[in-house]
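Residue-level structure breakdown
Spelled out from the first residue to the last, the chains are:
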Amino acid sequence: VQLQASGGGLVQAGGSLRLSCAASGRTFNSYGMGWFRQVPGKEREFVAAIKWSGYSTYYADSVKGRFTISRDNAKNTVYLQMNSLKFEDAAVYYCAAALRYIPPEYIADTLFDYWGQGTQVTVSS
């Protein structure tokens, strides 16, 4: 499975960005997808995840109500719509794919099988 993340960039605080992650190499609709982010010197943290069907989504408390994860299985793509961006949202964002179901309470980066290359999100004043 190859994952290609895109859509990062520079945005003012309060603004919006939509990240995309295009998948190839395996049946996309058979696995769950997630977004994580990382800033230098800190561990990678969970942001959002979505089940293979798209009917169940999960979010970190820090982004609930502001970020929305979605997927289009026909396009083999998962999205992260980020609204009301804050300075603390600035990070490199990674998309990831999990071949097995991960209960929401156990979501962690170590349980995902494939990773994209990351896309930088910078939030300015």
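The structure this text deals with has already been given above.
Let me begin by describing the structure that accompanies this report. (Residues numbered from 1 in each chain as written. Predicted model: local features only at pLDDT ≥ 70, side-chain atom pairs only at ≥ 80, totals over all residues. Heavy atoms only, no water.)

**Some details on the side chain of Arg71**
Worth spelling out the cut-off: Counting from the N terminus, the helices are DSSP H or I runs at least four residues long and the strands are E runs at least two residues long. Buried, partly exposed and exposed residues are distinguished by accessible area as a fraction of the type maximum, computed with a 1.4 Å probe on protein chains only: under 20%, between the cut-offs, and over 50%, respectively. We score Asp and Glu as negative and Lys and Arg as positive, and we do not count His or the chain ends. Here, a salt bridge means any side-chain nitrogen of Lys or Arg that lies within 4 Å of a carboxyl oxygen of Asp or Glu. Under the rule applied, a polar contact is a pair of N or O atoms within 3.5 Å (in protein, one hydrogen donor and one hydrogen acceptor; residues adjacent in sequence only if both atoms are side-chain atoms). Here, two residues are considered to be in contact whenever any of their heavy atoms come within 4.5 Å of each other.
Looking at the secondary structure, you find Arg71 in strand β7 (residues 67–72). Comment: no salt bridge for buried Arg71; closest opposite-charge side chain is Asp72, at 8.4 Å. There is a polar contact of 2.8 Å between the side chain of Arg71 and the side chain of Asn73. Those residues in contact with Arg71 that sit more than four places away from it in its chain are Phe28, Asn29, Tyr31, Gly32, Met33, Ile50, Lys51, Trp52, Gly54, Thr77 and Val78.

**Side note on the pairing of strand β3 (residues 17–24)**
The cut-off we apply is this: A pair of strands is treated as paired once DSSP finds two or more bridges between them.
The pairing of strand β1 (residues 2–6) with β3 spans 5 bridges and is antiparallel. Each bridged residue has a counterpart across the sheet, and for Leu3 the counterpart in β3 is Ala23. Relative to strand β8 (residues 77–82), β3 runs antiparallel, the two being bridged by 6 bridges. Of the residues in β8, the one forming a bridge with Leu19 is Leu80.

**A word on the environment of Arg18**
Looking at the element boundaries, Arg18 is found in strand β3. Classification of Arg18 as partly exposed rests on a relative accessible area of 47%. Not counting the four nearest positions on each side in its chain, Arg18 is found in contact with Ser6, Gly7, Tyr79, Leu80 and Gln81.

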